[in-house]
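Below are the chains, spelled out letter by letter.
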Amino acid sequence: MSLFERDTEIYRNRDALREDYQPAQLVGRDEEIQMYQAALQPVINGEQPNNVFLYGKTGVGKTAATRYLLSHLEEDASEYDDIDLRLTFLNCDGLTSSYQIATRLVNELRDETNQISTTGYPRATVYEMLWDDLDDLGGTNLIVLDEVDHVEDDSILYQLPRARANNNLSDAKIGIIGISNDFSFRDDLSPKVKSSLCEQEIHFPAYDASDLQKILEQRAAVAFHDDVLDDAVIPLCAAYGAKDAGDARQSIDLLMKAGDLAREEAETTTVAETHVEAGRHDLERGRIEEGISGLTQHGHLVLYSLLTLHLQDETPVRSRDVRPRYTNFAQRAGRDPLVPRRMRDHLAELAMLGLVSVTERNEGRRGGTYREYTLDMDIELILSALDEVLDDVGIHDSIQEHLLDEDVTDENTSLAQFQ
Ligand code: ADP
Ligand code: MG
């Protein structure tokens, strides 16, 4: 008997649901694509390219639209003998300084025998190399800086778009495509950077449920065999996606998770609503665990404090009323408690992760406002992600009954219990 057997009853092409899959057509982005295409038109005309700036939340098709249009541009430009188009695509996640971007660009433009070290040069020297390399190559250069909000200093964001205006380039034409997932990034740019980098701005709005439904239908037709999905599956994935953030990536991930769960069940040959529900739960758990595990120990202590207050019906609660509990927990864990202000920062971080919700309240006649915090997440999920801090602090009385299921490890049961 073979150990591995193909099970392809459900999926026709599961890879079509993966992050790296590029759809042949984008659904429902006609307006944005049209503007984007117009912004790129000068390349085909042999003119100076525009600098283009795309912004919108994650998963709204910015990268997909860029890849789609640039691959067409590349193909169509090759029809013209007098256009020498060079595309450079950088994702700035992990490239946080102008220096890193500049060295990376130099190395992208050079062949493998001629690479430069990523440290040790003065920044101005790397820029000189970049201008020299670009001018030697000539032609039209489009440089995509995807997730450009990761770049912490704006030197390169000023230098690149203005390279010709500043007479750093004479032969090469250059255009920058900046893509940002972060709204505030654009607003925080200095005026001189904004005016050059954001010459043409294109906003990608979040998707609503009916947009997501069309996107999912298109993708499902490639990924799944006919008649495998129950009718309710795509609308449900789309509804969840629209409720969460209007993010197509999340909806596609959910559809894939549902498909995987269906596939894991013996005898099951269709994907049903129940698979979507279970898939959503799994994905949520993954997101929460990831979010919580990225916090510092003080973040965990603050969350644990809030959790116990929540279980004692003390939420919504003000930060100063979280404080005694937090101080107690920190001491039990052998840590010096943070000052109130820093503790509040941790509450704000929990809110950003979506674990906690915040309400602003008015102080009454005296004016002023204060904030109240409440837990906004499945208790079992949080508990299972707080494993370590439970070990450090001990088991608070209020969580006892929630630990009676599979969460109780041998380690936990031997821990100190307290009120
Ligand atoms: P962003 O770059 O804005 O974060 P992406 O372009 O990576 O988002 O899109 C996320 C996922 O959703 C990708 O798999 C992409 O192919 C898909 N997608 C987004 N918008 C569309 C669309 N309009 N039509 C088809 N697929 C889309
Ligand atoms: Mg992207």
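These numbers were taken from a predicted model, which means no experiment stands behind them.

Asker: When you look at the site of ligand 1 in this model, what are you seeing that I'm missing?
Answerer: Contacts to ligand 1 come from 20 residues, most closely from Gly-59, Lys-62, Thr-63, Tyr-207 and Arg-249. Measuring from an oxygen atom of ligand 1, one finds a backbone N or O atom of Val-60 at 3.2 Å. Tyr-207 places a side-chain nitrogen or oxygen 2.7 Å from a nitrogen atom of ligand 1. Of all the secondary-structure elements, those providing two or more residues to the shell around ligand 1 are helix H2 (62–77), helix H8 (209–223) and helix H10 (248–264). Among the residues forming the shell around ligand 1, the class breakdown is 9 nonpolar, 6 polar and 5 charged. Each of two domains, domain 1 (30–203) and domain 2 (208–291), supplies a minimum of three residues to the shell around ligand 1.

Asker: It is not clear to me how the UniProt feature "domain: Cdc6 C-terminal" (unreviewed entry) in the chain should be interpreted in this structure. Could you clarify?
Answerer: The sites that carry the UniProt feature "domain: Cdc6 C-terminal" (unreviewed entry) are, in the present numbering, residues 303–386. Counting secondary structure, residues 303–386 comes out at 51% helix and 19% strand; the distance between its end C-alpha atoms is 9 Å.

Asker: Whenever I open this one, the packing of helix H9 (residues 233–244) against H10 confuses me. Can you help?
Answerer: Between two packed helices, both the angle of their axes relative to each other and the distance between the axes serve to describe the pair. Contact geometry of H9 with H10 gives a least axis separation of 9 Å together with a crossing angle of 140°. Every pair of crossing elements has a handedness; the one defined by H9 and H10 is right-handed. Across the interface between the two elements, Val-233, Cys-237, Tyr-240, Gly-241 and Asp-244 from H9 touch Gln-250, Ser-251, Leu-254 and Leu-255 from H10. For the contact of H9 with H10, the residue count by class is 5 nonpolar, 3 polar and 1 charged.

Asker: Help me out: how do you make sense of the UniProt feature "domain: AAA+ ATPase" (unreviewed entry) in the chain in this one?
Answerer: Residues given the UniProt feature "domain: AAA+ ATPase" (unreviewed entry) here are residues 48–203. When the span residues 48–203 is considered, its composition is 39% helix and 19% strand, and the gap between its end C-alpha atoms is 23 Å.

Asker: Can you walk me through the packing of H8 against H10 in this structure?
Answerer: With their axes 10 Å apart at the nearest point, H8 and H10 run at an angle of 45° to one another. With respect to each other, H8 and H10 are oriented oblique. Remark: the crossing between H8 and H10 carries right-handed chirality. The residues of H10 that touch H8, namely those facing Leu-212, Ile-215, Leu-216, Arg-219 and Ala-220, are Ala-248, Ser-251, Ile-252 and Leu-255. Per-class residue counts for the contact of H8 with H10 are 7 nonpolar, 1 polar and 1 charged.

Asker: Explanation requested: the domain arrangement of the chain in the structure shown.
Answerer: When the parts of a complex come together, some accessible area is lost, and that lost area is often taken as the interface size. Each assigned domain of the chain is listed with its residue range as follows: domain 1 (30–203), domain 2 (208–291) and domain 3 (294–411). One C-alpha centre belongs to domain 1, the other to domain 2, and the line joining them spans 35 Å. On the side of domain 2, 5 residues touch domain 1, which itself brings 4 residues to the contact. Overall, the association of domain 1 and domain 2 removes approximately 250 Å² of surface from exposure, summing both partners, and the carbon and sulfur fraction of that is 40%. Put simply, domain 1 and domain 2 have 0 salt bridges between them. Scanning the region where domain 1 abuts domain 2 turns up 1 residue pair in polar contact (both at pLDDT 80 or more). In terms of residue class, the side of domain 1 that touches domain 2 is made up of 1 nonpolar, 2 polar and 1 charged.

Asker: Would you explain the pairing of strand S3 (residues 140–146) in this entry?
Answerer: For a regular strand, the rule is simple: side chains alternate between the two faces of the sheet. Summarising burial for S3: 7 of the 7 residues are buried, a large majority. Side chains Thr-140, Leu-142, Val-144 and Asp-146 of S3 all project onto a buried face; the interleaved residues Asn-141, Ile-143 and Leu-145 project onto the opposite face, where all are buried too. In this structure, strand S2 (residues 85–91) lies alongside S3, joined through 7 bridges in parallel fashion. When the bridges of S3 are listed, Leu-87 appears paired with Leu-142. Across 6 bridges, S3 lies against strand S4 (residues 173–180) in parallel orientation. Of the residues in S4, the one forming a bridge with Val-144 is Ile-177.

Cut-offs and rules
Residues numbered from 1 in each chain as written. Chains lettered and ligands numbered in written order. Predicted model: local features only at pLDDT ≥ 70, side-chain atom pairs only at ≥ 80, totals over all residues. Heavy atoms only, no water. Near = heavy atom within 4 Å. Polar contact = N/O pair within 3.5 Å; in protein donor to acceptor, adjacent residues only side chain to side chain. Helix = DSSP H or I, 4+ residues; strand = E, 2+ residues; numbered from the N terminus. Nonpolar A, V, L, I, M, F, W, Y, C, P; charged D, E, K, R; others polar. Domains from an automatic or database assignment. UniProt positions renumbered as here; feature names shortened; annotations may be inferred. Axes fitted to C-alpha atoms, helices over the stretch in contact; angles between N-to-C directions. Left-handed = near helix turned anticlockwise from the far one by under 90°. Contact = heavy atoms within 4.5 Å. Parallel < 35°, antiparallel > 145°, perpendicular 65-115°, else oblique. Buried area = accessible area lost by both parts, 1.4 Å probe. Salt bridge = Lys/Arg side-chain N within 4 Å of Asp/Glu carboxyl O. Buried < 20%, exposed > 50% of the residue type's maximum accessible area, 1.4 Å probe, protein only. Pairing = 2+ DSSP bridges.

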